[in-house]
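Close look at the chain arrangement
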Amino acid sequence: MTAIEGWEQTLPAWALLLIAAGAVALLLFMIMYLKIHALVSLIVVSLITAFATLIPAGSVVTVLTNGFGSTLGTVALLVGLGAMLGRLVETSGGAQVLADKFIKVFGEKRAPLALGVASLIFGFPIFFDAGLVVMLPVVFAVARRLNGSLLAFGLPSVAAFSAMHVFVPPHPGPVSAASFLGANVGLVLLLGLVVAIPAWYVAGALFGKYAGRKWQLPIPTLLGEAKQKQLDNPPAFGTVLISLLLPLVLIFLNTGLTTLASTGVVSEATADATWYQVLIAVGQTPVALLITLLVSCVTLGVRRGLTRQDVQNQLESALGPVCSVILITGAGGMFGGVLRSSGIGEALKSSLDSMHMPLLLAGFLIAAILRVAQGSATVALTTAAGLISAGVAAEGYNAWQLAALALAVAAGSVIASHVNDSGFWLVSKFFEMDVKTTLKTWTVLETIISVMGFAIAAALFGVASLA
């Protein structure tokens, strides 16, 4: 939550919840019925919500810009660099090469499943938004090649990235939950895979297949399309594969070294060494994407006959279409930031603190309520884990129970992504879906992952209790 010096929220929890619900309803009304642009609607509703929750007038604009800026700090570089990389892969004919290879190896019927499995692998070290941007050219190309619905091919991929990001270390959510609850990160990783893969299959493969039949969406062209000249003389499969694997390797270098340092596998002196920190920096997602983009400018551009000016024009043309994606995603972060700054999380925490229920269920429900109320999965997870941590310590759970408990809380933090979540807008704009369709697809998908994840985590907890 963004702290506002010298101010404390005086409204009761029920009033804050009522304001939050009214703000979401107003936002949906403005976008879906009044047809006001999402960016304008988000700013207007954020402003109204800030005043309604009694945030000091002198701090309102600061709260709005802080929420907007913090989201852009995470998203803008990833989307911008990823879009330029995607444009090179797409317009060079590289995406078509990968699509043809996918179809040849796995067949047309299994192509959506294959895209999902590939995204699971990519999603192990890569965060959700970065993985999505890198994988999109291939998803679009396969869907275009088979003349299929975008959702049938896209949802298995986004579900894979989401499930891995929620349940599997070294992603920050499950690592944070493990830290708060005293769970072993290695066990969380092992059980996280047991939770993530079935949850992905139901939400991505099965629901994606259903959604692809029910809603026919055209394949977006915001990453461009290859001209016939490039399709007739495409780059080699290995060359294109490097553009996808290089960021995977670099980011895995970062997450691997960071995990080794945080778990004490390497000494503190080694972790503080300059060379170690440089390797970690090289694997930071924006740096990894930048390095990959520079390499791809050569391998997919200059070496294939494009002039430097041609490559520059390709990169420049990639930014215009994604400006809307970046700005609207930032505005979604602004709205969520206002809700967090209003104190809704602390109010709910205080209200729920007195409730008596099993810790496993309490952790899930608290995280779920906070997620729906203020949008941030990280805030929901850390608040819920912190709230139940004292009770968990008193229970004396074994290592397997603690790992399952961490995953149950993580499951709650991803439920019902909607208009106060920046990820909602990222998927909506990249897939060129309206708000109503995004609620029917992405929001349902995230809820399936959450409910499935909790059910499996609860079963694992029960089995661990018998040991």
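Heads up: the structure comes first, above all this text.
Residues numbered from 1 in each chain as written. Predicted model: local features only at pLDDT ≥ 70, side-chain atom pairs only at ≥ 80, totals over all residues. Heavy atoms only, no water.

A short note on the packing of aromatic side chains
The test is simple: We call Phe, Tyr and Trp rings a pair once their centres come within 6.5 Å, taking the six-membered ring for Trp, and we label the pair stacked below 30 degrees between planes, edge-to-face above 60, and tilted otherwise. When accessible area is computed with a 1.4 Å probe and restricted to protein chains, residues below 20% of their type maximum are described as buried, those above 50% as exposed, and intermediate ones as partly exposed. A run of H or I in DSSP counts as a helix once it spans at least four residues, and a run of E counts as a strand once it spans at least two, with each numbered from the N terminus.
Considering all chains together, one arrives at 9 aromatic pairs under this definition. Ring centres 6.2 Å apart and planes at 85° place the aromatic pair Tyr210 and Trp215 in the edge-to-face group. According to the relative accessible area criterion, Tyr210 is partly exposed, its value standing at 39%. Ring centres of Tyr397 and Phe461 lie 5.3 Å apart, and the angle between their planes is 80°; this geometry places the pair in the edge-to-face category. With a gap of 64 residues between them, Tyr397 in the loop between helix H18 (377-395) and helix H19 (399-412) and Phe461 in helix H21 (residues 435-466) connect regions that are remote in the sequence. Among the aromatic residues, ring-to-ring pairing joins Phe207, Tyr210 and Trp215 into one connected group.

What about unusual backbone geometry?
Of all residues except glycine, most have a negative phi; of all peptide bonds, most are trans. Although it is not a glycine, Asn147 adopts a positive phi angle of roughly 55°. Note that Asn147 resides in the loop between helix H6 (128-145) and helix H7 (150-167). Judged by its relative accessible area of 71%, Asn147 falls in the exposed class. In this model, Glu432 sits at a positive phi of 55°, which is unusual for a non-glycine residue.

Describing the packing of helix H3 (residues 57-91) against helix H15 (residues 308-341)
Applicable threshold: Lines fitted to C-alpha atoms define the axes, with helix axes restricted to the stretch in contact, and inter-axis angles between N-to-C directions lie between 0 and 180 degrees. Orientation labels follow simple angle bins: below 35 degrees gives roughly parallel, above 145 gives roughly antiparallel, 65 to 115 gives roughly perpendicular, and whatever is left gives oblique. Handedness of a crossing is defined here by the sense of rotation of the near helix relative to the far one, left-handed for an anticlockwise turn of less than a right angle and right-handed for a clockwise turn.
Where H3 contacts H15, the two axes come as close as 7 Å, and the packing angle between them is 155°. The angle between the axes of H3 and H15 places the two elements in the roughly antiparallel class. Crossing handedness for the pair H3 and H15: right-handed.

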